[in-house]
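Structural characterization, general
The primary structure of each chain is shown beneath.
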Amino acid sequence: MTSRRQFIQIIPFASTALLAYHPAFAADPPMVDEKDPQAVALGYVADAARADKAKFKTYAEGQNCTVCQLYQGKAGAAAGPCTLFAGKQVSSKGWCVAWAKKA
Ligand code: SF4
């Protein structure tokens, strides 16, 4: 049985844990690092203007994450999830070779 003293000692940790997992207080997922091996393989850049046009010939002006089929960020958001990078966010202005025109 938990004593009153033990209960009082647990409260700060329990409160912190609850806040960490509550959606309203949860931190945004981390941004994809351009140096991440998966990002490098896909030619991901946080700014489409820096896409390696010599290496990725499919890049065309106007392509970026915002207008990509795989982008799941909210309209107007600076960043959002991409189905290729689970648990992370990509820049809405980003680009990678898997870009596919949003339907
Ligand atoms: Fe951006 Fe689309 Fe590449 Fe994901 S798949 S990083 S949304 S261009």
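Anything mentioned here points back to the structure above.
Residues numbered from 1 in each chain as written. Predicted model: local features only at pLDDT ≥ 70, side-chain atom pairs only at ≥ 80, totals over all residues. Heavy atoms only, no water.

Some thoughts on the pattern of salt bridges
Rule in force here: Criterion for a salt bridge: a side-chain nitrogen of Lys or Arg within 4 Å of a carboxyl oxygen of Asp or Glu. Secondary structure is summarised from DSSP: a helix means a run of H or I of at least four residues, a strand means a run of E of at least two, and numbering begins at the N terminus for each. Partly exposed residues are those whose accessible area sits between 20% and 50% of the maximum for their type, while under 20% is buried and over 50% is exposed, using a 1.4 Å probe and protein chains only.
Counted under the stated rule, the structure contains 2 salt bridges. Two residues, R50 and E34, come together in a salt bridge whose shortest N-O distance is 2.7 Å. With R50 in the loop between α2 (37–42) and β1 (79–81) and E34 in the loop between α1 (4–21) and α2, the pair connects residues that are 16 residues apart, well separated along the chain. Given the relative accessible area of 45%, R50 is considered partly exposed.

Digging into the side chain of Q89
What counts here: The definition of a polar contact used here is a pair of N or O atoms within 3.5 Å, where within protein one atom must be able to donate a hydrogen and the other to accept one, and adjacent residues in sequence count solely through side-chain atom pairs. Any two residues having at least one pair of non-hydrogen atoms within 4.5 Å are treated as being in contact.
Locating Q89 in the fold gives a position in strand β2 (residues 89–91). For Q89, the side chain forms a polar contact with the main-chain oxygen of P29, separated by 3.0 Å. The residues touching Q89, leaving out its near neighbours within four places in the chain, are D28, P29, P30, M31, V32, A79, G80 and P81.

Some details on the packing of aromatic side chains
Short version of the rule: Classification of ring pairs uses Phe, Tyr and Trp, with its six-membered ring standing for Trp, and accepts pairs whose centres are within 6.5 Å; under 30 degrees between planes counts as stacked, over 60 as edge-to-face, and the remaining range as tilted.
Inspection of the entire model under this criterion finds 3 aromatic pairs. Seen from their ring centres, Y59 and W95 are 5.2 Å apart, and the 90 degrees between their planes marks the pair as edge-to-face. Within this pair, whereas Y59 is found in the loop between α2 and β1, its partner W95 is found in the segment after β2, the two being separated by 36 residues in sequence. For the pair Y59 and W95, one class covers both residues: buried. Taken together, the ring pairs connect F56, Y59 and W95 into an aromatic cluster.

Considering the nonpolar core
To keep it simple, the criterion reads: The definition of a nonpolar core used throughout is a set of buried Ala, Val, Leu, Ile, Met, Phe, Trp, Tyr and Cys residues joined through side-chain atoms within 4.5 Å.
Among the nonpolar cores identified, the biggest contains 11 residues, and these are V32, A39, L42, Y44, C65, C68, Y71, C82, F85, V90 and C96. Discounting residues that sit within four places of it in the chain, C68 has contacts with W99, A100 and K102. In this structure, A48, A51, F56 and W95 belong to the second largest nonpolar core, which totals 6 residues.

Examining the environment of Y71
Take Y71: it is sitting in the loop between α2 and β1. Under the relative-accessibility criterion, Y71 is labelled buried at 7%. Dropping the residues within four chain positions of it, Y71 is found in contact with C65, T66, A77, A79, G80, P81, V90, S92 and K102. Of the polar contacts made by the side chain of Y71, one reaches the backbone nitrogen of G80; its length is 3.3 Å.

Focus on the environment of G94
Take G94: it is sitting in the segment after β2. In this structure G94 comes out as buried when scored by relative accessible area, which is 0%. With 45 residues separating them along the chain, G94 and A49 place their C-alpha atoms 8.4 Å apart. Setting aside anything within four residues of it in sequence, one finds G94 in contact with Y44, V45, A46, D47, A48, N64 and C65.

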